[in-house]
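Commentary on secondary and tertiary structure
Listed here are the chains, written in short residue letters.
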Amino acid sequence: MARVPKVLLRGLLGLAVTPGAVTLDVLEGAGQDVGRSCILVSIGGKNIMLDCGMHMGFNDDRRFPDFSYITQQGRLTEFLDCVIISHFHLDHCGALPYMSEMVGYDGPIYMTHPTKAICPILLEDFRKITVDKKGETNFFTSQMIKDCMKKVVPLNLHQTVQVDDELEIKAYYAGHVLGAAMVQIKVGSESVVYTGDYNMTPDRHLGAAWIDKCRPDILISESTYATTIRDSKRCRERDFLKKVHETVERGGKVLIPVFALGRAQELCILLETFWERMNMKAPIYFSTGLTEKANHYYKLFITWTNQKIRKTFVQRNMFEFKHIKAFDRSYADNPGPMVVFATPGMLHAGQSLQIFKKWAGNEKNMIIMPGYCVQGTIGHKILNGQKKLEMENRQTLEVKLQVEYMSFSAHADAKGIMQLIRMAEPRNMLLVHGEAKKMEFLKDKIEQEFTINCFMPANGETTTVITNPSVPVDISLNLLKREMALGGPLPDPKKPRTMHGTLIMKDNSLRLVTPEQALKELGLNEHQLRFTCRVQLQDPHSDPDTLSRIYTHLKSVLKGYTIQHLPDGTVMVESIVIKVSSSAEEPNTKVLLLSWSYQDEDLGSFLSTLLKKGLPSGLSSM
Amino acid sequence: MKLYCLSGHPTLPCNVLKFKSTTIMLDCGLDTTSVLQFLPLPLVHSPRLSKLPGWVSKDGTINLEKELKECAGRVFVDSQPEFCLPEKELLDLSTIDVILISNYHCMMALPYITEHTGFTGTVYATEPTLQIGRLLMEELVNFMERVPKAQSATCWKYKEIQRLLPGPLKDAVEVSTWKRCYSMQDVNSALSKVQLVGYSQKVELFGAVQVTPLSSGYSLGSSNWIIQSHYEKVSYVSGSSLLTTHPQPMDQSSLKNSDVLILTGLTQMPTANPDGMLGDFCSNLAMTIRAGGNVLVPCYSSGVIYDLLECLYQFIENANLGSTPFYFISPVANSSLEFSQIFAEWLCHNKQSKVYLPEPPFPHAELIQTNKLKHYPSIHGDFSSEFRQPCVVFTGHPSLRFGDVVHFMELWGKSSLNTIIFTEPDFSYLDALAPYQPLAMKCVYCPIDTRLNFHQVSKLLKEVQPLHVVCPEQYTQPPPAQSHRSDLMLELQPPPMPYRRCSVLGLPFRRRWERIQLLPEVGPVATHLSDISILLSLVHHSAVLKNQPPIVQVLPLKKMRGSAVFFLSLPSQHGITEVKVEETTDGHILHLQAEDTLIQLEEDGTHIVCDDNEPLRTALRDLVLRFLMKL
C-alpha cells in the first residue's frame, strides 16, 4: 500500500503558556503528488482526517491510502475524532468506504449536502467499473457505500459545528465543483484551514472561493496549478470553441472525456450558448444515464452555483439544455460530425474509453482533455504524445486523432493561491496536492511576499508547526471600571493603555482582579509600610502660618496634584499628611512631620527633599 | 443592559437590545392589521364600492364623506391602505449597529427602519429568509402600485376628529405613525444591507458580542438568536414551532443556560389544533367542489401554503378531485414555488433525503407537472382565458384589502355555493369580511398557526431554564375573550417581565467578568499569584494582555518572626551602632538611638519614623521589603 499523507497539528493542553505546536502527517497522495488526498491533522490533542481519496492511476492496493500509518491494530475509530471530506471527486473521497467499512471507522464524517448527495453515486459508479467490469475483488460493496454514508453528518456553509466540547469546524465556499468546501478546524485558539480543491475566479456556473480573515495557524492549500498563471479564461474558452467548431465543420467527431459532475456542466453551458448563437446543427451528446440526474442535482442545489445563475433560475434554469441530448452506445458509429461528452474524465475505463478506441484511428476526429490526468491513465499517456497504446489482451491501438489539452479544471492558480493567503492571513502555509518542482517555486514566492513559513511535506512525512496560542484570562469588571474611571472618559479603542491588576491562577483558570480582591480571595493581609519623616525648618512665623505658607508653596510647585489644607491643622498632598510643630524654646525652628505609605513612596521622598530646602521668602501666610 | 420595545404586536415584534455598547435590533415586524380599517382596493372598477355613502357625523358637524365610507354599518377609510410602523421616537434609529431577523414575516418593516433614517448598520438573516422576504415585499409593493390611489386620507387621523368617529376606527392605535407602503427602490436598498448567515454560525460583532442564529422550526430559514458574550447569554425566541412540517426542526438545546430569554411569536390561535384545522380545510374544500361551488383561500404566497399543497397532493386522489383545477395567483407565485425547492439545507430530514435522490423536496412540483396546479402572476393575462370553474384559488392578500383576492370576493361573494376558507391567523376573519357584507358565500375559519402554544412553551422553558423571561404583556394574562382560561398564559417563577409598545426594560444582569487573551510573550506564569501591569489593547477586535512592565504595589507579609533579631545585626556600613529593642503586644519597637529613629514592627504593618536622612530611610525601607512578599 502506498503511504497516506498526514498532517499532525499538536497543540498544547491545559494552561501552560509555552508555545504549542501543530503536527501534520501527510498520509497518501496529498503530499507532492496530485493523485489523491488524505491528510491527518493533530491539533490541541484532536486527530482529524482531511479527505480520504483514491489514486486513479493504480489498480492495486496502492490506490488506497496506507491507514496502517495511523494504527497497526485494526479500527481507526479511537484514533480519529472526525473525518472531513472537501468535495465529491474520487481523489478526495474514493477511499471513504474502504476506510470506514473495511479498515473500520464509526465516528462522524462531515461533508456538505451536495457532496453527501453526489458522492455515493460516484462511488457506486466507480465500484461498478472496477468490480463488475474488471472483475476485481477485494473492493468495497454497494452495501458498504450505503453503510458508510450513514455515518455522514451534513455540513452547511459557515455553520459552526461543535464536534465535541473543544473541537469545532466550519465550512467555507470553495467553488471548484458543486458543494466543494474549505474547512476551518479549531481547538481553543489554535486553528487550521484546509482548502481541498478551490478556484478563486467565478466561472459559468460556480462562484469564487471565499474565506474571512480567520488567521489560522496553518493554511493547507492545494497547489495543482502552483506555477501556472493561467491565461485569461476567455482566451481558453474561445480556443476550445474554435477547435470544436473546426472539427465539426470538417465532419469530424469530438470526444470530451469528463466526470459526470463538475467541469461537464461548465462545458455544457459553454457549448449550449455557442450552438445557440451560431445556430449549429451537429448533435451534442452526453453519455451515461448519470447526466440527467446530474443536471437535476444542479437544479436542486442551485444555491451553490454562482450569483448569476441563482438570480435568474426562476426565469431560466441554466441546467435545462436544449441542444444536448442523451447518448446511446450505437450513436458512436453514426456517420457525420458530433460532439460527445463521455465519462470518466481520465480515459481509464468506461464509456469514454470505449468511444476513444472507436475514434482513435481517424485523424479527422479530435479528443479534448479538459482536466488533469493522473499518471498511469490512458489520458495521461496520450497527453504525453504516446502514439501507440498497449491495450488489454496485448493489442495495440494507434492514436491518429488530434489530442488537445485544455485546462478547464477549476483549481486556483498561483495568483489565486496568493489571493487566498491574503484573505485568510495564515501564520504558516502548507502546500499539498501538487508537483514537487512547481511547489518549490510557489513556496519561495510565498515566503518572500508574506514572510511566513511555507512547508511542502512529501507523502508519509510529518510536519510539525509551532503555534503560539494565547491564554484566555478573565478580567474582573470592577478592575476594568476602576481603571476606566481613573483614565477619565471613554478610552480610545485604538490606543493601548496600561492598567494594573493581579493575576490569580486557580482551578485551572486565570483571572485578573484588583489587588485588594486578590488578597481577600487568598486570605492574605496587606502589610502597611509607613514612613514618618521629621524635617527641620527655620521659619519665623506661628505654626498655623507656617502651615499655610507650606500649603501655598506646594500649591505653586505641584501642579495637577490634590492638595488640601484641612481644619485639623494638617496639609494633605494626595494621601501624604504634613504637620507642623515647634518647641517653646525655639519657636522659629519648626519640625515638619511628613507621613506616607509605601504606595506613595516617590511623592513622599520628593516632598521631604523639597521641604528640607526651606520655604521661599515672600510667601504670604494666607 | 436595556431592552427598548418598539412594537406592541406579540407576533410581529421589534425590540432593541443594548448589550455591551452594541445596539441590536431584534426583528422588524410590520403590524398590517391596520389595513382592516381601509376599503379594499379592487383590481377592476367596482360599482358597489364606488357607490358607498360617505360618512358625516350624526349632528352633521363633521363631514368626512371624501375620506370615510360606510358599508354595512361600519366606517372605512377610502385611501391607500396604511401600516402601523414600529415606534421611531423611542431611540435614535441611526445608532442601531445590527438588525437580526428571525423569519420572513418579521422583516416587513425593514425598509422603514433602514431607509431615510440614517441607519448605517448591517442586517443579518438566513438565505431563505432574505429570498422569501424579498418575494413578500415585492408582492406587497406590487399589490399597492398596481391600483394606485391618488387620495391620501389624513383628516380622520386628527386626535380631535378620531375621538368622535364610530368604532373600531375610534379605537385604532398610533394612527399618527401609520404609513403608506414603501417603494421597490426602498426594498432593494434595504435588502442590500442584509448579510447572509447560516444556522449555528457564530457572528462576531465588534469583538464584544457574538450572535448565532438557531433553527426555530417555524418556516424556511426561520431562526431564533443567541446573543452572548463570554459570560452573559440572551436568547431571543421568535416564531418557533415543534410541529413536523417542512422546515428543519427547532434547535432547543442551544437555548440552555440563558440569563435572559426574550419570548415572542407564540401561536395566535392557542385553542386551534393545526392538524384538526387542516382536516376541516380539506373536507370543506371537497364539499364545496362536489356541490359545484368554488373555493377561495386567501393566503400569503409562502409558508403554510406549501403544507396546504402537500396535504392536497395526498387528498386530491382519495377525494376524487383529480380533475378540479387549483390556481395559485400572485405576482410571486412562480418564484415562491421555485424557491421552495432549492433550500434543501433548511428543510426537515425527510425532505432533505428526497433531494439526495435527486427529487424535488415538495410534491407541488408534481402537481405543476401534471397540470393539477397552475400558477399565474395575476388575474389578468393568461389566467382569464384558461380559468375553469368550479376551482380552488389560492391568492393574497389574507387581509382581503388588496391583491387579486379582492376580485374573487366581488366575483364569488354573491353565491352561497362558493366558500371562502381562512387559513392565515393574522387577521380576524369577521373584520376582513366586513366591507363585503352582505355576503352570500360560505365562510369557514380554519386558522393554521404552527407556532408554539402555551403548553409547549412552558415545557420548553422548563427544559432550557432561563434565569429570567421577558415577553409581551399579552402573554402574562389569558386572552380577553377567554379570561377564565388561565392555561392560556405564561406562569413562571420568577414571573416573566412583561413589555408593551414603548416600554424600556432594564434587564437583570450582573456582569462581573470579561474575557481577554494573555499573549504568550508575557511568559510562563510561575506562581499561583502574580502582580502585573498590563497593556490593554484591542488587537483584531479582542482585548489582549501584553508586556509586563515593573511592578510595585501591595505587600503581604511573610512571617515577621525573627526579623527583629535580624535588625539587631544591621549592617554597620550605615554607621548604626546602638539598637534598643522593646517588646510590645503586637511585635517589636526598634530604637536606633544615635539616629533618633524608630522602627515599629507589627504583623500587619511597619512604621519607620526618622529624620530627613534619605540614605538611611531608603536603606531601612529596602531592608523591610526583603522580608515582605511581593504580590
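Residues numbered from 1 in each chain as written. Chains lettered and ligands numbered in written order. Predicted model: local features only at pLDDT ≥ 70, side-chain atom pairs only at ≥ 80, totals over all residues. Heavy atoms only, no water.

What follows deals with the packing of helix H6 (residues 274–290) of chain B against helix H7 (residues 304–318) of chain B. Residue and element names in this part refer to chain B. Taken N-terminus to C-terminus, the directions of H6 and H7 make an angle of 55°; their axes are 11 Å apart at the nearest point. As the angle between them shows, H6 and H7 are arranged oblique. In the crossing of H6 with H7, the sense of the turn from one axis to the other is right-handed. Within the contact between the two elements, H6 uses Leu-278, Phe-281, Cys-282, Ser-283, Leu-285 and Ala-286 and H7 uses Leu-308, Cys-311, Leu-312 and Phe-315. Grouping the constituent residues of the contact of H6 with H7 by class yields 9 nonpolar, 1 polar and no charged. (Axes fitted to C-alpha atoms, helices over the stretch in contact; angles between N-to-C directions. Helix = DSSP H or I, 4+ residues; strand = E, 2+ residues; numbered from the N terminus. Parallel < 35°, antiparallel > 145°, perpendicular 65-115°, else oblique. Left-handed = near helix turned anticlockwise from the far one by under 90°. Contact = heavy atoms within 4.5 Å. Nonpolar A, V, L, I, M, F, W, Y, C, P; charged D, E, K, R; others polar.)

Before going further, it helps to examine the sheet that holds strand E9 (residues 167–173) of chain A. Residues and elements named next belong to chain A. Spatially, the 7 strands line up as an open sheet ordered E8-E9-E10-E11-E12-E21-E22, and their pairing is mixed. Across the chains shown, the open sheet's two edge strands, defined by having one partner strand only, are strand E8 (160–162) and strand E22 (453–455). Put simply, the sheet's adjacent strands are angled 20° from each other on average, direction ignored. Here strand E10 (residues 181–187) pairs with strand E11 (residues 190–194) via 5 bridges, running antiparallel. By the bridge assignment, Lys-186 is partnered in E11 with Ser-191. Along the sheet, helix H11 (residues 414–424) makes contact with E10, strand E12 (218–222) and strand E21 (428–432), crossing E12 at roughly 160°. Packed onto the sheet, helix H12 (residues 436–450) meets E21 and E22 and runs at close to 165° relative to E21. (Pairing = 2+ DSSP bridges.)

Overall, the prediction assigns chain A a mean pLDDT of 82, with 88% of residues at 70 or greater. Within the model, the stretch residues 28–33 of chain A combines pLDDT values under 50 with 44 contacts to residues more than four positions away or in other chains. (pLDDT = per-residue confidence, 0-100.)

Moving on, we come to the nonpolar core. The biggest cluster of nonpolar side chains holds 270 residues, and the ones touching the most others in it are Phe240(A), Phe356(A), Leu110(B) and Phe394(B). Top contributing element to this core by residue count: helix H3 (residues 127–146) of chain B, with 9 residues. Apart from the residues within four sequence positions on either side, Phe356(A) is in contact with Leu255(A), Leu347(A), Ile367(A), Ile378(A), Ile382(A), Leu389(A), Leu397(A), Val399(A) and Leu401(A). Grouped together as the second largest cluster of nonpolar side chains are 34 residues, Cys533(A), Leu537(A), Ile576(A) and Ile599(B) included. (Core = buried A, V, L, I, M, F, W, Y, C linked by side-chain atoms within 4.5 Å. Buried < 20%, exposed > 50% of the residue type's maximum accessible area, 1.4 Å probe, protein only.)

Residues and elements named next belong to chain B. Taken together, 6 strands build an open sheet; the order of strands is E16-E15-E17-E14-E18-E19 and the sheet is parallel. The open sheet has two free edges, formed respectively by strand E16 (373–376) and strand E19 (442–445), since each of these has just one partner strand. Here the average twist between neighbouring strands, direction ignored, is 20°. As defined by bridge partners, strand E14 (residues 295–298) adjoins strand E18 (residues 419–422) across 2 bridges and the pair is classed as parallel. If you follow Val-295 over to E18, its bridge partner there is Thr-419. Lying on the sheet, helix H8 (residues 333–340) is in contact with strand E15 (326–329) and E16; it crosses E16 at an angle near 125°.

Quick look at the pattern of salt bridges now. Residues and elements named next belong to chain A. Counted under the stated rule, the structure contains 42 salt bridges over all chains. One salt bridge in this structure joins Asp-164 and Lys-46, with 2.9 Å as the shortest N-O distance. With Asp-164 in the loop between E8 and E9 and Lys-46 in strand E4 (residues 46–50), the pair connects residues that are 118 residues apart, well separated along the chain. For Asp-164, a relative accessible area of 23% puts it in the partly exposed group. As a salt-bridge pair, Lys-150 and Asp-147 come within 3.5 Å of each other at their nearest N and O atoms. A residue pair is termed a helical-turn pair when its members lie 3 or 4 positions apart in one helix, as Lys-150 and Asp-147 do in helix H4 (residues 142–150) at 3 residues. Since its relative accessible area comes to 65%, Lys-150 is described here as exposed. (Salt bridge = Lys/Arg side-chain N within 4 Å of Asp/Glu carboxyl O.)

In this section: the confidence of the model for chain B. All names here are of chain B. Residue-level pLDDT values for chain B average 87, and 89% of them are 70 or greater. Confidence over residues 524–529 falls short of pLDDT 50; this stretch has 15 contacts with residues more than four positions distant or in other chains. Segment residues 537–565: pLDDT under 50, and 91 contacts once partners within four positions in sequence are set aside and those in other chains are kept. The complex prediction reports pTM at 0.83, with the ipTM value standing at 0.82.

Tallied over the full model, the rule gives 34 aromatic pairs over all chains. Centroid distance Phe274(A) to Trp275(A): 6.1 Å. Interplanar angle 55°. Geometry classified as tilted. Here Trp275(A) falls in the buried class, since its relative accessible area comes to 1%. Ring geometry for Phe143(B) against Phe402(B): centres 6.0 Å apart, planes inclined by 50°, an arrangement best described as tilted. On the criterion of sequence distance, the pair formed by Phe143(B) in helix H3 and Phe402(B) in the loop between strand E17 (392–395) and helix H12 (405–412) is long-range, its members being 259 residues apart. As far as the burial class goes, Phe143(B) and Phe402(B) line up, both buried. The ring centre of Phe362(B) lies 5.0 Å from the NZ or CZ of Lys351(B), which sits over that ring. In this arrangement the basic side chain of Arg617(B) is found over the ring face of Phe531(A), its NZ or CZ atom lying 4.8 Å from the centre. (Phe/Tyr/Trp six-rings, centres within 6.5 Å; stacked < 30°, edge-to-face > 60°. Lys NZ or Arg CZ within 6 Å of the ring centre and 35° of its normal.)

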